[in-house]
Amino acid sequence: MFKFKTLLIGLVWGLSAVGAVSPALAQTPDATRWVADDLSAYVRSGPTDGYRIVGTLTAGAPVTVLETQGDYTRVRAESGDEVWIRSDQLQSERSLRQRVPALKEKVATLSDKLDGINQTWQARTASMTETLETREQRIEDLSQRNTTLDQQLTQAEATLRRLKARLDTQEQDLLMRYFLYGGGVAGAGLLAGLLVPHLPRRRKKRDRWF
């Protein structure tokens, strides 16, 4: 984050410096220009070096372009005076000294925005991390519950197999008992059928009426 801010500040200052040292190649009448930042410029009464110096313009001062002849440009200063200044001592952008406070404010604003974005992303990252941890914990709980259910299912299946085997044994015992009971009844009936015809019969007494 610090490196990004440093790079942003350096870029803004670099662009400002480029604009500050680039002179205007062609002067447009009534256009606003600014005296170069690196010096206080001498101004003359005419458009050549042969004219006398009538004063200076403060570095960074704004002027209004009136006309251009050769290497000189006639300008109107803030005081209202009209003087000639070398064209290469004018620049097409506002003075760096005047732009520094605005640039500092812009850098501060961008820094605040970056801090806000960073805080927002940190909050979102923390939220997503918390959500991910919660989901991972839920998945782990479900996995443990699934393992427990699998164990319970295995135990239930083993119990069911034991009960089924026991039931099969009881059914076989019951069938064996029915078979023995039925065989006994059938044997007794057969024996009775064989013995009954051979039993002695009792004679019936005749009733006499005399």
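Up top is the structure.
Definitions and limits used
- Residues numbered from 1 in each chain as written.
- Predicted model: local features only at pLDDT ≥ 70, side-chain atom pairs only at ≥ 80, totals over all residues.
- Heavy atoms only, no water.
- Salt bridge = Lys/Arg side-chain N within 4 Å of Asp/Glu carboxyl O.
- Helix = DSSP H or I, 4+ residues; strand = E, 2+ residues; numbered from the N terminus.
- Buried < 20%, exposed > 50% of the residue type's maximum accessible area, 1.4 Å probe, protein only.
- Polar contact = N/O pair within 3.5 Å; in protein donor to acceptor, adjacent residues only side chain to side chain.

**Some thoughts on the pattern of salt bridges**
Then step 1. Inspection of the entire model under this criterion finds five salt bridges.
Then step 2. The salt bridge involving Arg 86 is made with Asp 49; its shortest N-O contact spans 3.9 Å. Note that Arg 86 is positioned in strand E6 (residues 82-86) and Asp 49 in the loop between strand E2 (41-44) and strand E3 (53-57), a separation of 37 residues in sequence.
Then step 3. Residue class for Arg 86 comes out partly exposed when judged on its relative accessible area of 26%.
Then step 4. The structure contains a network of salt bridges with shared partners spanning Glu 67, Arg 74, Arg 76 and Glu 82.

**What about the side chain of Ser 111?**
Then step 1. With respect to the helices, strands and loops of the structure, Ser 111 is situated in helix H2 (residues 96-195).
Then step 2. The class of Ser 111 is buried, set by a relative accessible area of 13%.
Then step 3. A distance of 2.7 Å separates the side chain of Ser 111 from the backbone oxygen of Val 107, its partner in a polar contact.

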